[in-house]
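Here's the letter readout for the chains.
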Amino acid sequence: MSSEGLEFADLLRDKGAVMLIGAGVSSELGYLSSAELASALAQDFNVPAGRLESVVKAILETGTAREEVVKKLREMFSLEEQEASRVDPLDNPYFLLSKILKALVDGWKGRGEHHTVTLITTNFDGELEKALGKELERGPAGYSLIVTSEDYSRNADAYVKVYKIHGDLDVRDAKGNDTLVLTEEDARKAEDERRSLYNSVRAALQEAPLMVIGHSFNDKDVQEIYHEARQSVKGLRVFAVNVRDVERIGEATVFRESSLAFFRELIDHMSTWPGFEALSDNTDYGVELSMDQRLEEGLKRASGKPVIFQGYPFCGKTMAVLRARKKATFTWSCPSTPSQASTQNA
């Protein structure tokens, strides 16, 4: 890892961080970018292509109900979620990020410290909170999810705060309305929430660094948050990963790699810290690993009980995956030929 990467890792451990997470992270799992989403909607509803806000506005001007647009988005994201579910967790940037955050929170608790990682995302999908939910409890002792205006006053002391500033496909507000920011009018309605967010971000960045991940910097809300942070915090340390239009960022340390690659390197470094050694289990076997479907099914049936797998299909890389994930206590027999076999214990 570069010296700049080591610097960010140390700041993250000692101060926490604010991270702006964009569609570029979810696209590593196969999700559409904002531009691709707008193009698909324009084609489905037969309106001119353009930015997402203008496309949705054009659709609504044809007399199409907003709920029909939201329904179409849910259908599109449901298909993408199915595809994302097939990605090996070791190839999932959100999986690795959640492991990093879990290790950090445990370390802070063990040392009697309380720092915060603020995650601000424009993504509609639920991959980030799905991964977090497997590692941290929801509440002040773990993470908070802030989508509606009512959420801003809850779990203010959580170690990890997730702000979904463009809403969530599966969350409705107190009046039963969808929470998606699809038009400029939606953005104007969310101004009060953004002011609360600015205050929270400004306070967090007095000591913590800012990390921009997977953004094109075309989104107006992201631009406002970023420039507000720049103007309000002198000497702000800014890092960027997997960002297009780098010139829009200004002075920053830029890592020209995918978010997945960056999180792997971060884990490799953090696992050398005392108390963080177990993190190495999540990257030891690298990008080429995948889990055989039958093996996955067997683990689900086992429900954590001891498992014995026999036969050639469960040899090699899939065994390494099992060992890395520590899904179950297991033994296996891997014959290199039908007449040869050896048995090992995890």
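Whatever comes next refers back to the structure up there.
All values derive from a computational prediction rather than experimental measurement.

Draft legend 1. Structural view of the overall build of the protein chain. In terms of helices and strands, the protein chain carries 13 helices and ten strands. Evaluated residue by residue, the protein chain yields a buried proportion of 50% over its 346 residues. The contacts in the protein chain between residues at least 6 apart in sequence include a share of 65% that link residues at least 24 apart. A total of about 16900 Å² of accessible surface is found on the protein chain, and carbon and sulfur atoms cover 46% of it.

Draft legend 2. Spatial organisation of the nonpolar core. Counting 67 residues, the largest nonpolar core has Met19, Leu119 and Val160 as the members making the most contacts within it. Looking at which element gives the most residues to this core, the answer is helix 6 (residues 93–111), with ten residues. The contacts of Val160, once residues within four sequence positions are left out, are Leu101, Val105, Val117, Leu119, Leu132, Leu136, Gly142, Tyr143 and Ser144. Core analysis: the next-biggest nonpolar cluster, separate from the first, contains 23 residues, Val18, Val201, Leu210 and Val212 among them.

Draft legend 3. Broad picture of unusual backbone geometry. Of note, Asn46 is a non-glycine position whose phi angle comes to about 55°, a positive value. Its place among the elements puts Asn46 in the loop between helix 3 (34–45) and helix 4 (52–61). Asn46 gets classed as exposed once you look at its relative accessible area, which sits at 70%. Even without being a glycine, Asn242 presents a positive backbone phi close to 55°. Assignment of secondary structure puts Asn242 in the loop between strand 6 (238–241) and strand 7 (253–255). Take Asn242: its relative accessible area is 27%, and that puts it in the partly exposed class.

Draft legend 4. Just the pairing of strand 3 (residues 143–146), in detail. Taking every second residue as pointing to the same face, both faces of strand 3 are buried, with Tyr143 and Leu145 on one and Ser144 and Ile146 on the other. With four bridges joining them, strand 3 and strand 4 (residues 160–164) adopt parallel strand pairing. Residue pairing across strands places Ser144 opposite Lys161, the latter belonging to strand 4.

Draft legend 5. Fine view of the pattern of salt bridges. Scanning the entire structure with this criterion turns up 22 salt bridges. With a shortest N-O distance of 3.0 Å, Arg66 and Asp186 are connected by a salt bridge. Of this pair, Arg66 sits in helix 5 (residues 66–85) while Asp186 sits in helix 8 (residues 184–189), and the two are 120 residues apart along the sequence. With relative accessibility at 12%, the residue Asp186 sits in the buried group. Here Glu67 makes a salt bridge to Arg74, at a shortest N to O gap of 3.5 Å. Because the salt bridges share partners, they merge into one network encompassing Asp10, Arg13 and Asp14.

Draft legend 6. Seen up close, the packing of helix 3 against helix 5. For the pair helix 3 and helix 5, interaxial distance at closest approach is 11 Å and the crossing angle is 120°. By the criterion of interaxial angle, the relationship of helix 3 to helix 5 is oblique. Classified by chirality, the crossing of helix 5 by helix 3 is right-handed. Packed against helix 3, whose contacting residues are Leu37, Ala40, Leu41, Asp44 and Phe45, the element helix 5 presents Glu68, Val69, Lys72, Leu73, Met76 and Phe77 at the interface. Here the contact of helix 3 with helix 5 is composed, by residue class, of eight nonpolar, no polar and three charged.

Draft legend 7. Representation of the packing of helix 9 (residues 191–204) against helix 10 (residues 220–232). Interaxial distance between helix 9 and helix 10 falls to 10 Å at its minimum, and their mutual angle equals 40°. Regarding the angle of helix 9 to helix 10, the classification is oblique. In the crossing of helix 9 with helix 10, the sense of the turn from one axis to the other is right-handed. For the pair helix 9 and helix 10, contact is made by Arg194, Leu197, Tyr198 and Arg202 and by Asp221, Glu224, Ile225, Glu228 and Ser232, respectively.

Draft legend 8. Broad picture of the environment of Ile21. Structurally, the position occupied by Ile21 is in strand 1 (residues 16–21). Residues Ile21 and Ile120, 99 residues apart in the sequence, show an inter-C-alpha distance of 6.0 Å. Among residues more than four places away in sequence, those in contact with Ile21 are Tyr94, Leu97, Leu119, Ile120, Thr121, Thr122, Asn123, Leu128, Ile213 and His215.

Draft legend 9. Geometry of helix 3. With twelve residues, helix 3 extends 16 Å between its outermost C-alpha atoms, agreeing within 8% with the 16 Å of an ideal straight helix rising 1.5 Å per residue. Taken together, the buried positions of helix 3 are Leu37, Ala38, Ala40, Leu41 and Ala42. Immediately beyond the C-terminal end of helix 3, within one or two residues, lies Asn46, with a positive phi of roughly 55°.

Draft legend 10. Region of interest: helix 10. Between its terminal C-alpha atoms helix 10 stretches 18 Å, which fits the 18 Å expected from 13 residues at 1.5 Å a residue. Three or more residues of helix 10 are buried, namely Asp221, Val222, Ile225, Tyr226 and Ala229. Around the axis of helix 10, the buried residues are gathered within 130° of arc, so they sit on the same side. Residues of helix 10 that are buried sit in contact with strand 1, strand 2 (116–121), helix 9, strand 5 (210–213) and strand 6.

Reading the values: rules and limits
Residues numbered from 1 in each chain as written. Predicted model: local features only at pLDDT ≥ 70, side-chain atom pairs only at ≥ 80, totals over all residues. Heavy atoms only, no water. Helix = DSSP H or I, 4+ residues; strand = E, 2+ residues; numbered from the N terminus. Buried < 20%, exposed > 50% of the residue type's maximum accessible area, 1.4 Å probe, protein only. Contact = heavy atoms within 4.5 Å. Areas by Shrake-Rupley, 256 points an atom, 1.4 Å probe, with all protein chains shown as cover. Core = buried A, V, L, I, M, F, W, Y, C linked by side-chain atoms within 4.5 Å. Pairing = 2+ DSSP bridges. Salt bridge = Lys/Arg side-chain N within 4 Å of Asp/Glu carboxyl O. Axes fitted to C-alpha atoms, helices over the stretch in contact; angles between N-to-C directions. Parallel < 35°, antiparallel > 145°, perpendicular 65-115°, else oblique. Left-handed = near helix turned anticlockwise from the far one by under 90°. Nonpolar A, V, L, I, M, F, W, Y, C, P; charged D, E, K, R; others polar. Expected span 1.5 Å × (residues − 1). Arc of directions from axis to C-beta.

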